[in-house]
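What follows is each chain in one-letter form.
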Amino acid sequence: MQTRMQRPELNEVCPDEGDSYVVHPKICDLEMVPNLRHSNSGFCKSKRKAHFATGNNEKENLSSWIPENIKKKECVYFVESSQMSDTGRLMCECGYPREQHLEEATKSSVFLGKEWDPKRHIQEMPTDAFGDISFAGLGPKVAKYVRVSADTPPCVIYQLMTQHWGLDVPNLLISVTGGAKNFNMMPRLKNIFRRGLVKVAQTTGAWIITGGSHAGVMKQVGEAVRDFSMSSSCKEGEIVTIGIATWGTVYNRGSLICPMGSFPAEYVVDEESQGNLSCLDSNHSHFILVDDGTHGRYGVEISLRTRLEKFISEQTKVKEGVAIKIPIVCVVLEGGPGTLDTIYNAITNGTPCVIVEGSGRVADVIAQVANRPVPEITISLIQKKLSILFRDTYELFTEGKIVEWTKKIQDIVRSRQLLTIFREGKDGQQDVDVAILQALLKASRNRDHFGHENWDHQLKLAVAWNRVDIARSEIFTDDHEWKAFLTKVWWGKLCVDNGLWRVILCMVFFPLIYTSFVTFREKRLQPMSSLTRTRAFFTAPVVIFHLNILSYFSFLWLFAYVLMIDFQETPSWREYFIYFWLFSLVCEETRQLFYDPDGFGLLKMASLYFSDFWNKLDVCAILIFIAGLTCRWIPSTLYPGRIILSLAFIIFCLRLMHIFTVSKTLGPKIIIVKRMMKDVFFFLFLLAVWVVSFGVAKQAILIHNEERVDWIFRGVVYHSYLTIFGQIPSYIDGVNFNLDQCSPNGTDPYKPKCPESNKDKRPVFPEWLTVILLCLYLLFTNILLLNLLIAMFNYTFQQVQEHTDQIWKFQRHDLIEEYHGRPSAPPPFILFNHLQLFVKRVLLRQPAKRHKQLKEKLEKNEEAALLSWEMYLKENYLQHQQCQEKQNMEQKIRDVAQRVDVLVELLDLDRVKRTGLVEQRLTGLEEQMSQTAKTLAWIVRALRGNGFGSEEDAPTMVPSKAPKLTEYCSEEKPEETTAPYHVSARNLLYPSSSTVRFPVPDEKVPWEVEFQIYDPPFYTADRKEVAALDPLRDSLESLSKINYNAMDGLINRQSFHGTYAIQNRLPLNPMGRTGLRGRGSLRFFGPNHALHPIVTCWRRNMDGSIYRKSLKKMLEVLVVKSPVSDHWALPGGSLEPGESLPLKLKRVLRREFWPQFQNLLNQGAEVYKGYVDDPRNTDNAWIETVAINVHFEDQNDVQMKRQNLFLQGRDPEPCVRWQLADNRIPLYTNHKELLQKVTTLLGAYY
């Protein structure tokens, strides 16, 4: 039975309460705590406003959904605490006063006489604080909030945020952590941080997660969001800032309580009265207030925040067909011990971190040692850093704490691929947003992936973030090997390394297809007798293209033969064949025009069709051919018909230029010709002005009343045009005048009319004028206009030549796309394809399948990568357009901002100078005080030595808090060297347990080095699934039976590293301290022997040749993967006593193959024998292995084929496969080291 309450109206105002503590209803599990009833006190303390940020329907949904799915925590048993409140009231162990408990909780007999236990005495019940929150006096902005139990599943909170609060799924998660108290930052660094954080959130669509309080780094983030909101008028740019705080530490939280929700609750920020509590920050958009049933205890939210961030980072965001897992990055400012733990946990979980140098404390400690090699990060160095950067609290650092900090910082710096230091004004970094995105991409580059998935993942991230600048600077660099997608599509199912000449020979002699003359990419097409090879060959776009070229040349040859030799009144069979051939071309053009599988519609398809130049040329040639054919069938127009058909032949020949687009050299030249034709048209307009003006003037001066139109055109246009090329009329100067070459009266149709002449038949026109006009005409046309045309051609050529590669790629893409969707048969045989299409679509009415374009030829991962690439190009184009629109305004803003920065720098410099002067004075004062203290100490010792005073009366000297300043910034890049000691064996958290190791820095690993405070815990896992042969405890009686450094029955306790030391009946790890005693999860004290076979063969191409990279051969290695693991591993593991093959290897091999594989191991090459740096190792138990390489040189090796047959035959769970041996393969770290030894042995690429 559950207690129900009457549901009030949503818009009802909750009553005010005068007491600062609010008594609110308690809903408990009545089966656990009987006879508890609800208090009659008022529910709420919040005041309603006249307007609401949430609609009525949304309020109703939230008021019903949230209490059903989200709980809070309440203390149901009052146990008096020894501590009193500030007002002198009795406090419970939970931190709340008696007034904050139900009456039944103070009288409950269920827990009488028992100590307060949070697991039993704090219980969950429906939450009573959620809705909208309005900050009094800070504007109309309304945020969302909810009070949740610390045990709330992250999926429920995520559902609340995305479905009920209406937040879009983020493209990026930014977790900002650092100092929880107010701290000072340099004004310039503060501005850079604020600007960069807001920019990365606004441009990428990120969520920012902070602690939500109005102090420290949370306040910095809030003020950054506030400044952005004040300067932005676009709602699309609103930034999601989520504050996850502890409910029990929120000041004035009583105003947020209302069981049916507050819409809105009015919250007052009062920093002066908050005491040890914290006010919420008014600039956050959402609050998740984590409740564990206690009051005044900070850090309650850390666990839920970590789980929520991890859950969100595992979700998938789909944007325009591209799916990515939501990446997460941790940004660190300042901070104390809790911040160091946050950074350490983030790095351990693979989350990249951005440390802002100059923000203070922990951030500066890490930033100042990040460039050092790990061996140089010593305890003494960290101690110096802490004494400088933690002056006020340095005395609180014990020796053990400093050791712990050193170990954690070493592990953090060791993972350099996850660590990014933002140094303002250094390393080319100017903005925090770039540093954040670079950190994510750097982590992605170093993450283990197969094949090209790594850069594909980076490209997807950049596309999802809308940050083309990041993609351009970080992803598309010379060291990436981009796969040729179009080349694979162009060759279809054929191998791209066949060679074009092989393809052409197979087209001519097609039986060669069934031989090994050509190879295919798919293994099922490799058998020589496969009939599918024929279809795979003739459907490849490269084959279709060359068949169409061969067909088109044949058509032109036959067409020319008919026009010149076989054009008769009665058409011959050759001419009829030409008509049939043209009909097939018309059918194909019709198919291209009307075939609409994507449902664009006829108008859209017609627009797309005629937008292509070659389609226009095809239609023009076909229409002219039809016109000539019509005239050809009319006897009276037989000859004009032949003329028109000849013109059609010219256009059909021009269509041949299309085949040049496949050539990288000739393809761009077609674009040059097309653009030069446009230049010619503009030139002809200018030329026509001069030709017509000179021609009319010349004709009017020389010839009187010429009435023949054809000769007028010749005199004005034709002769003037030929004059440009040197054919000057002989009669223009009167010297070479000859009456035999003209007609005096213009009656001879084959001669021009004679110029004006006198009675002596001599020309009377002004020769000097015609010569001047001719000279001027030739000057402007031959010299000026023709050189202008040449200059235009040269400009066009250079403009196109600069983008030759880009133009060719576009041409090649269009060509490949055309022949990818074209029927496989060439004209005229293409009619069979058209007939098949007609039967399917018209007679059978089968709907057309949606056209997948080029992607259907690609594998799934390649298709996704191509889609990412297309989206990148789209975003690049859009960004370029936006930049052009905003360039003028942005330039003005940039100039103003630069001037402001200069002023700020000057002000900062002045302040630093004044501060430096004060610091110098303080330093001098401290030195004087130190000298005074030493003098006083000498006086005290002298007086005590003369019998004045006693030992107890001597004052205690306090060490100075201002040690000497040392140079701590190292700009040199660290030299990456192999760790001299085991690293994985010192991970603080022992795997598959909650046991934490004692921190062991690098310098304290050797047993020979003194480590007085070393006190590791003892841990031995109770593994019930296997028979534990060694004792669980370290009792002398049980340990005395173990025979170390020898064969102990079937157990081999001998180490490959010689005799190991024994201390207190326990063996000591020969590699040094690990921070943990006992056996851990290992079975035996001392060495636990293992065997790791490394089975390899050469990676081969389809034709059988060995695949190479950087001139080195590449290996394939046999790897296995457990269903519960994210990593692949070598097929080996621990050896059972008396066994020669590991159990894990037996699980993937059938029993009948075990003896043969043992023989292969005996014949293999031993590549390593010794200690394995494994996270399961302890001070008293460790793993040693023998790694043996079994290499198959020949791809037809019988033993290799037998092994492949017997793989995975015994246990269906492990996944087994051959994987390309590369340094990015996701293997365990120690397995990668073994694989690298094999590649070195065989001289292979790694």
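Rules and cut-offs
- Residues numbered from 1 in each chain as written.
- Predicted model: local features only at pLDDT ≥ 70, side-chain atom pairs only at ≥ 80, totals over all residues.
- Heavy atoms only, no water.
- Buried < 20%, exposed > 50% of the residue type's maximum accessible area, 1.4 Å probe, protein only.
- Helix = DSSP H or I, 4+ residues; strand = E, 2+ residues; numbered from the N terminus.
- Arc of directions from axis to C-beta.
- Contact = heavy atoms within 4.5 Å.
- Core = buried A, V, L, I, M, F, W, Y, C linked by side-chain atoms within 4.5 Å.
- Phe/Tyr/Trp six-rings, centres within 6.5 Å; stacked < 30°, edge-to-face > 60°.
- Axes fitted to C-alpha atoms, helices over the stretch in contact; angles between N-to-C directions.
- Parallel < 35°, antiparallel > 145°, perpendicular 65-115°, else oblique.
- Left-handed = near helix turned anticlockwise from the far one by under 90°.
- Nonpolar A, V, L, I, M, F, W, Y, C, P; charged D, E, K, R; others polar.
- Expected span 1.5 Å × (residues − 1).
- Pairing = 2+ DSSP bridges.
- Salt bridge = Lys/Arg side-chain N within 4 Å of Asp/Glu carboxyl O.

Q: Is there a simple way to think about helix H31 (residues 1154-1163) in this case?
A: Because the α-helix completes a turn every 3.6 residues, residues three or four places apart line up on one side. Within the sequence span of H31, burial applies to Trp 1154, Phe 1157, Leu 1160 and Leu 1161. The buried residues of H31 occupy an angular sector of 115 degrees when projected down its axis, which confines them to one face. Of the exposed residues in H31, the ones pointing more than 90 degrees away from its buried face are Pro 1155, Asn 1162 and Gln 1163.

Q: What's the story with the side chain of His 834 in this structure? I'm lost.
A: Relative to the elements of secondary structure, His 834 occurs in helix H27 (residues 830-843). Ignoring anything within four residues of it in the chain, the contact list for His 834 reads Ser 584, Cys 587, Glu 588 and Arg 591.

Q: Help me out: how do you make sense of the nonpolar core in this one?
A: The tendency in soluble globular proteins is for nonpolar side chains to be buried side by side. Counting residues in hydrophobic clusters, the biggest one holds 41 residues, and the most contacted among them are Ile 343, Ile 355, Trp 405 and Ile 409. Those elements that provide at least two residues to this core are strand E14 (328-333), helix H8 (337-348), strand E15 (353-356), helix H9 (361-369), helix H10 (379-389), helix H11 (399-414) and strand E16 (419-422). For Trp 405, the contacting residues outside a window of four places in its chain are Gly 336, Pro 337, Leu 340, Val 362, Ile 382, Leu 386, Phe 390 and Phe 397. Counting residues in hydrophobic clusters, the runner-up holds 33 residues, among them Phe 228, Val 329, Val 432 and Leu 440.

Q: Help me out: how do you make sense of the packing of aromatic side chains in this one?
A: Each aromatic ring pair is characterised by the separation of its centres together with the angle its planes make. Enumeration over the complete set of coordinates arrives at 36 aromatic pairs. Ring centres 6.3 Å apart and planes at 70 degrees place the aromatic pair Phe 559 and Phe 652 in the edge-to-face group. Of this pair, Phe 559 sits in helix H18 (residues 541-564) while Phe 652 sits in helix H22 (residues 638-654), and the two are 93 residues apart along the sequence. Relative to Phe 625, the ring of Tyr 579 has its centre 6.3 Å away and its plane inclined at 75 degrees; by these criteria the two rings are edge-to-face.

Q: Sorry, what's going on with the packing of H18 against H22 here?
A: Packing of H18 against H22 brings their axes to within 11 Å, and their N-to-C directions diverge by 155 degrees. Compared by their axis directions, H18 and H22 come out roughly antiparallel. Judged by the sense of rotation from one axis to the other, the crossing of H18 with H22 is left-handed. Between H18, through Tyr 552, Phe 555, Leu 556, Phe 559, Ala 560 and Leu 563, and H22, the contact on the second element is made entirely by Arg 642, Leu 645, Ser 646, Phe 649, Phe 652 and Cys 653. Residues that form the contact of H18 with H22 fall into these classes: ten nonpolar, one polar and one charged.

Q: Which parts of the structure should I look at to understand H8?
A: An ideal rise of 1.5 Å per residue puts 16 Å on twelve residues; H8 measures up with 17 Å between its terminal C-alpha atoms. Along H8, the residues classified as buried are Thr 339, Leu 340, Ile 343, Tyr 344, Ala 346 and Ile 347. Within H8, the buried residues cover an arc of 165 degrees as seen down the axis, which keeps them to one side. In the core, the buried residues of H8 are packed alongside strand E7 (172-178), E14, E15, H9 and H11. Among the residues trailing H8, Gly 350 stands out with phi positive, at a value near 85 degrees.

Q: Would you take a moment to explain the environment of Leu 582 for this structure?
A: Take Leu 582: it is sitting in helix H19 (residues 573-594). For Leu 582, a relative accessible area of 6% gives the class buried. In this structure, the C-alpha to C-alpha distance between Leu 582 and Ile 622, residues 40 residues apart in sequence, is 7.9 Å. What Leu 582 contacts, discounting residues up to four positions off in sequence, is Ile 622, Phe 625 and Phe 652.

Q: Looking at this model, I keep getting lost on the sheet that holds strand E6 (residues 142-149). Mind explaining?
A: Strands in a sheet are paired, the pairing made by backbone hydrogen bonds, and the direction either parallel or antiparallel. The strand order E10-E5-E6-E11-E9-E8-E7-E14-E15-E16 describes an open sheet built from ten strands, whose pairing is mixed. Single-partner strands in this sheet number two, and they are strand E10 (262-267) and E16. Between one strand axis and the next, the sheet turns by 25 degrees as a mean value, whatever way the strands run. Here E7 pairs with E14 via six bridges, running parallel. Pairing of Thr 177 across the sheet is with Val 332, part of E14. Helix H5 (residues 187-204) contacts E7, strand E8 (206-210), E14, E15 and E16 of the sheet and is inclined by roughly 155 degrees relative to E7.

Q: Where do I start with the pattern of salt bridges in this structure?
A: Close approach of charged atoms allows side chains of opposite charge to pair. Evaluation of the coordinates by the stated rule reveals 29 salt bridges. The partner of Lys 72 in a salt bridge is Glu 74, with the nearest N and O atoms 2.9 Å apart. Residue Lys 72 is classed as buried on the basis of its relative accessible area, which comes to 1%. Across the pair Lys 408 and Glu 404 runs a salt bridge, and its minimum N-O distance is 2.9 Å. Linking Lys 408 with Glu 404, this pair stays in helix H11, spanning four residues, or about one helical turn. A single salt-bridge network, built from bridges that share partners, covers Lys 72, Glu 74, Asp 128, Arg 147 and Asp 291.

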